[in-house]
Amino acid sequence: MTNYKIIFTGPVGAGKTTAISSICDRPPVSTDKIASDMTRAVKKTTTVACDYGTVRLNGGDCLHLYGTPGQERFDFMWDILVSGGIGLVLLLDNTRPNPFQDMDFFLDQFQDFINQTQIAIGVTQMDRKSAPCIDDYHNHLSKQGLTIPIFDVDARKRQDVSLLIKALLFSLDPGLIENND
Amino acid sequence: MDNHTRPVKIAALGMEQRTYSTLQLFFHEHCKDSYVLVEENSADISIIDMDGFQAHRMLEEHKKHYPNQPSILISLSHDKAYDAVYIRKPIMLEALSSALLKAKERLQQPVAKVPAPEVPTVGIAPQLQIVASNPETVTPLLLNNVVHNPHKIARQEKPASKHFNQYRYSANFLTEDADLEHINTKLAENFNPDNPIQIAKFQYQPEQTLQGYFQQAYFTALQKQQNVLLKGVWRPITILHESKQLRVEKNFRHLYALSGMLFDKSNVSITVLDNNVDCEPGLHETVLPAEPFLWKLAMRTSRGRVPANTNFTAPIKLIRWPNFTRTIITPHALRIAALWARQPTSLMDTASYLAVPLQHVFMFYTAAVSLNFVAPVITEENHSTTALPPVKRHRYRKIFQNLLERLRNN
Ligand SMILES: Nc1nc2c(ncn2[C@@H]2O[C@H](COP(=O)(O)OP(=O)(O)OP(=O)(O)O)[C@@H](O)[C@H]2O)c(=O)[nH]1
Ligand SMILES: [Mg+2]
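Residues numbered from 1 in each chain as written. Chains lettered and ligands numbered in written order. Predicted model: local features only at pLDDT ≥ 70, side-chain atom pairs only at ≥ 80, totals over all residues. Heavy atoms only, no water.

## Brief notes about the side chain of B:Thr310
Mapped onto the secondary structure, B:Thr310 falls in the loop between β15 (306-307) and β16 (316-318). Of the polar contacts made by the side chain of B:Thr310, one reaches the backbone oxygen of B:Pro307; its length is 2.5 Å. (Helix = DSSP H or I, 4+ residues; strand = E, 2+ residues; numbered from the N terminus. Polar contact = N/O pair within 3.5 Å; in protein donor to acceptor, adjacent residues only side chain to side chain.)

In structure tokens:
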């Protein structure tokens with residue numbers, strides 16, 4: 001049995017915990033409380049300072065979903081978290097004062113990881129604030145020469161989160177076959 | 001209703017311009033104006049040409065909105081699938097007169113609920129395309145002209161944001177994809193991009209379709225940073241450039257039914273509005289996000305075909321991912337988008353590399369190119385057919401496959 005992981009990241013309140021809960025098997029373990037205790041978090045790899053959930057796959061394999069803590073002060077841990085990850089899901093909260101700045105920050109933090117794998121971006125809370133729109137995000141990214149899947153996502157909707165992961169998987173391997181799409 | 005004092009109002013739907021004018025003449029000369037042609041929503045009786053592309057769908061849509069309006073269906077075929085008065089083509093004056101009388105009788109009968117007969121399935125698009133027009137809305141193409149709207153209506157309150165209810169409608173765009181089923185993907189199985197006859201079969205001219213006009217209006221609005229008014233036989237559509245939305249009549253769904261028709265440019269106008277013009281939706285109007293609207297319109301107009309002059313062997317590059325959570329996902333769209341983002345690939349190669357029907361590639365391409373989400377990569381020699389370096393199989397493909405399966409099952 002091998003373990004694979006997908007990392008969910010994004011600013012505070014972007015919907016990471018919610019997104020992970022909406023697709024994993026059991027209610028995820030949220031370790032926000034112990035997040036302040038770094039030593040312990042780094043040491044105990046299964047209960048790092050983050051959200052955690054699993055999806056059991058055919059053949060006994062297991063997919064692990066990790067959500068990074070939203071606070072920037074934890075950034076040094078992200079390297080440890082992403083090692084062995086298969087891809088990144090970045091969630092951005094559209095109601096935050098400067099979501100483009102958030103996007104740039106996380107793209108920068110995870111640059112190496114993204115280069116080695118793939119990324120999909122979900123913009124949440126668009127029902128509460130519709131501007132900037134998805135097109136604006138694309139315009140911002142295209143200035144940096146990036147073509148990334150960005151969807152309007154409600155982290156509470158399983159279908160939305162699921163689509164984001166699908167886009168990530170197909171970006172990793174467009175040759176994958178989806179029987180019913 | 002008093003038949004002696006007021007003419008019977010007739011809506012002519014899905015008509016060729018010539019047929020429309022002939023009807024007009026017939027009502028005027030032979031019937032002494034006891035019938036007049038009007039818009040669908042104010043008509044007593046409708047006359048519908050059933051031989052047009054997507055006529056059945058248009059009729060369904062019409063019946064849904066005007067269930068009590070008697071219809072006269074004109075057609076070449078003997079098919080009588082609907083509860084209506086039928087006239088066989090070619091239309092004879094006598095037949096038309098008697099059909100009108102029959103419909104009028106129905107009109108005078110108390111409204112009875114008619115059970116909807118079974119709908120015949122619509123096959124792949126017949127090549128026949130029809131022109132619909134309404135002489136009352138004839139306006140020259142007004143591109144580049146700033147027209148000050150004389151009908152500016154003062155309203156008491158303005159919403160804080162110009163983004164009207166965007167979220168509320170998005171779900172509809174996601175689910176209304178019944179049309180996808182009608183594509184017969186076998187048709188393009190032996191498609192040969194060097195055969196002009198086959199090419200002609202799988203290409204269409206978007207210019208004179210609602211898609212083409214809408215596209216032109218939409219990009220004019222974005223480019224000029226001004227709102228734009230699109231008029232034709234449909235109720236006026238206003239494109240709101242800032243929020244990338246459109247203001248349309250509430251029952252906008254019938255617009256999709258117009259996707260199979262051609263409209264002469266003399267009957268369509270695109271007017272750039274002054275930015276001061278009040279574009280708030282009226283009582284019978286609503287606001288929709290423009291991108292999924294155009295996406296769907298193009299998808300429907302395409303029906304597995306591509307716009308004329310599409311290059312089948314030039315590599316296609318993804319410029320922007322469609323917002324797939326709020327847009328119809330055409331078959332295999334995610335895979336095609338992912339492939340074109342990673343590695344520009346021609347339409348032909350995409351179908352063979354992904355092992356998907358060519359028409360599904362066409363459908364995605366047409367919807368995406370209407371919004372400039374994709375573009376061909378123009379190179380010196382566009383012959384990618386043989387030397388395609390395939391995207392490498394990921395070492396975790398099996399795991400990904402299992403995960404996809406899981407995401408679907410839950
Ligand atoms: N209205 C709305 N609420 C959302 C959406 N997505 C998530 N939420 C809600 O936003 C709140 C915050 O979500 P969380 O999942 O706690 O966010 P988080 O990213 O884990 O936040 P931190 O752990 O603090 O970094 C929850 O109440 C969610 O239900 C959305 O698209 N619209
Ligand atoms: Mg959280």
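## Digging into the pairing of strand β1 (residues 8-13) of chain B
All names here are of chain B. A large share of β1 lies buried, amounting to five of its six residues. Looking at chain direction, β1 and strand β2 (residues 35-37) are connected through three bridges and run parallel. By the bridge assignment for β2, isoleucine 10 is matched with leucine 37. Of the pairings in the sheet, the one linking β1 to strand β3 (residues 45-49) comprises four bridges and is parallel in character. Of the residues in β3, the one forming a bridge with isoleucine 10 is isoleucine 45. (Buried < 20%, exposed > 50% of the residue type's maximum accessible area, 1.4 Å probe, protein only. Pairing = 2+ DSSP bridges.)

## Some details on the environment of A:Leu65
All names here are of chain A. Tracing the sequence through the fold places leucine 65 in strand β4 (residues 62-67). Using a relative accessible area of 0% as the deciding quantity, one classes leucine 65 as buried. Residues leucine 65 and isoleucine 20, 45 residues apart in the sequence, show an inter-C-alpha distance of 6.6 Å. Aside from chain neighbours lying at most four places away, what touches leucine 65 is Ile6, Phe8, Ile20, Ile23, Cys24, Asp51, Tyr52, Gly53 and Val55. (Contact = heavy atoms within 4.5 Å.)

## What about the domain arrangement of chain B?
All names here are of chain B. Along its sequence, chain B is carved into domain 1 (8-176), domain 2 (210-296) and domain 3 (310-409). Look at where the C-alpha atoms of domain 2 and domain 3 centre, and you get two points 29 Å apart. Between domain 2 and domain 3, the residue contacts involve nine residues of the former and 14 residues of the latter. Across the interface of domain 2 and domain 3, roughly 950 Å² is buried in total on both sides, 69% from carbon and sulfur atoms. Looking only at domain 2, the three residues that lose the most surface to domain 3 are Phe219, Glu291 and Trp295, adding up to 69% of its buried area. Viewed at the interface, domain 3 and domain 2 are joined by one salt bridge. Put simply, arginine 320 and glutamate 291 hold a salt bridge, and the shortest N to O gap is 3.2 Å. Taken together, domain 2 and domain 3 are joined by three residue pairs in polar contact (both at pLDDT 80 or more). (Domains from an automatic or database assignment. Buried area = accessible area lost by both parts, 1.4 Å probe. Salt bridge = Lys/Arg side-chain N within 4 Å of Asp/Glu carboxyl O.)

## Digging into the confidence of the model for chain B
Residues and elements named next belong to chain B. The pLDDT averaged across chain B works out to 76; a share of 73% of its residues lies at or above 70. For the stretch residues 112-175, pLDDT sits under 50, and the model shows 142 contacts to residues farther than four places along the chain or on other chains. For this predicted complex, the interface confidence score (ipTM) comes to 0.88, while the overall pTM stands at 0.71. (pLDDT = per-residue confidence, 0-100.)

## Some remarks on the packing of helix α9 (residues 333-342) of chain B against helix α11 (residues 358-370) of chain B
Residues and elements named next belong to chain B. The contact between α9 and α11 brings their axes to 10 Å, and the two run at 70°. The angle between α9 and α11 places the two elements in the roughly perpendicular class. Touching Ala333, Ile336, Ala337 and Trp340 of α9 are His360, Val361, Phe364 and Tyr365, all from α11. Residue composition of the contact of α9 with α11, by class: seven nonpolar, one polar and no charged. (Axes fitted to C-alpha atoms, helices over the stretch in contact; angles between N-to-C directions. Parallel < 35°, antiparallel > 145°, perpendicular 65-115°, else oblique. Nonpolar A, V, L, I, M, F, W, Y, C, P; charged D, E, K, R; others polar.)

## A closer look at the confidence of the model for chain A
Residues of chain A with pLDDT of at least 70 account for 77%, and the chain-wide mean is 82. Note that pLDDT drops below 50 for residues 32-49 of chain A; the model gives that stretch 24 contacts with residues more than four away or on any other chain.

## Side note on the nonpolar core
Counting residues in each nonpolar core, the largest one holds 115 residues, and the members touching the most others are A:Ile6, A:Phe8, B:Phe214, B:Leu230, B:Trp234, B:Phe324 and B:Trp340. When residues no more than four places from it in sequence are discounted, the contact partners of B:Phe214 are B:Leu230, B:Ile237, B:Ile239, B:Leu246, B:Ala290, B:Phe293, B:Leu294 and B:Leu297. One finds A:Tyr52, A:Leu90, A:Leu107 and A:Ile148 within the second-largest nonpolar core, a separate group that totals 23 residues. (Core = buried A, V, L, I, M, F, W, Y, C linked by side-chain atoms within 4.5 Å.)

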